[in-house]
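# Coordinate analysis (summary)
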Amino acid sequence: MQQFNSLIWRECDTRYAVNPLSYISVQDDYQVNVNLLLLAQYLDQQNHHLPLAQWETLAATIEDWDTKVVTPYRKLRRLAKSHLQAGEYQQMLDIELMMERKTQQMLLKKLNQFESEGISTITDSSNDTYNTDNYLCLFGIDADYFIGLQSA
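All of these numbers come straight from a predicted model, not from anything done at the bench.

On to the environment of Ile 62, then. Examined against the element boundaries, Ile 62 turns out to sit in helix α4 (residues 52–80). Distance in space between the C-alpha atoms of Ile 62 and Met 106 is 6.9 Å, their sequence separation being 44 residues. Setting aside its immediate chain neighbours within four residues, Ile 62 contacts Asn 33, Leu 36, Thr 103, Met 106 and Leu 107.

Right, let's get into helix α1 (residues 7–18). Every buried residue of α1 is listed here: Ile 8, Trp 9 and Cys 12. Down the axis of α1, the buried side of the element spans an arc of 85°, and every buried residue falls inside it. Facing away from the buried surface of α1 by more than 90 degrees, the exposed residues are Arg 10, Thr 14, Ala 17 and Val 18. The secondary structure elements touched by the buried residues of α1 are α3 (34–45) and α5 (86–116).

Let us look at the pattern of salt bridges. Evaluated as defined, the whole model comprises 6 salt bridges. The shortest N-O distance in the salt bridge between Arg 74 and Glu 96 comes to 2.8 Å. With a gap of 22 residues between them, Arg 74 in helix α4 and Glu 96 in helix α5 connect regions that are remote in the sequence. For Arg 74, a relative accessible area of 9% gives the class buried. Note that Arg 77 is salt-bridged to Glu 96, the shortest N-O span being 2.3 Å. Of the two residues, Arg 77 is situated in helix α4 and Glu 96 in helix α5; the sequence distance between them amounts to 19 residues. Comparing Arg 77 with Glu 96, the two get one shared label, buried.

Relative placement of two packed helices is described by the angle separating their axes and the distance separating the axes. Look at α4 against α5: their axes get within 10 Å of each other, and the N-to-C directions meet at 175°. Between α4 and α5, the interaxial angle falls into the category roughly antiparallel. Each residue belonging to the contact of α4 with α5 can be placed in one class, and the counts come to 17 nonpolar, 4 polar and 6 charged.

Rules used in this analysis
- Residues numbered from 1 in each chain as written.
- Predicted model: local features only at pLDDT ≥ 70, side-chain atom pairs only at ≥ 80, totals over all residues.
- Heavy atoms only, no water.
- Helix = DSSP H or I, 4+ residues; strand = E, 2+ residues; numbered from the N terminus.
- Contact = heavy atoms within 4.5 Å.
- Buried < 20%, exposed > 50% of the residue type's maximum accessible area, 1.4 Å probe, protein only.
- Arc of directions from axis to C-beta.
- Salt bridge = Lys/Arg side-chain N within 4 Å of Asp/Glu carboxyl O.
- Axes fitted to C-alpha atoms, helices over the stretch in contact; angles between N-to-C directions.
- Parallel < 35°, antiparallel > 145°, perpendicular 65-115°, else oblique.
- Nonpolar A, V, L, I, M, F, W, Y, C, P; charged D, E, K, R; others polar.

Put into structure tokens, the structure is as follows:
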């Protein structure tokens, strides 16, 4: 049984940093949760595949937090940007990052719960975007679209 820890998010942060605008674009255009997308990509890289039902559960785990707290705060931060000094805006960004870290903790806890329950993972290594496909299909997005977006 594999236990996941917060080091996952370091790798996800590194991936995000390569092309943050593509992640922000898919977040804004399709309401995709960037943390879940980065987690899916990380798990694909590790050949640790989760069935679609687990992606639905992960999405449900953070849905209230994301829709009632993080998304409205992000909208407020964006609206306030032109009215704030750089330091004030940075404080808002820091608070949003703290909220994102809370989201990551919630996802990590649920992921480790899956592991402790022994829910089997699919080990078909022929599909290197298995998790990404499963997560993005919840939004009706083909993973190839996002791959194209990343390279743009």
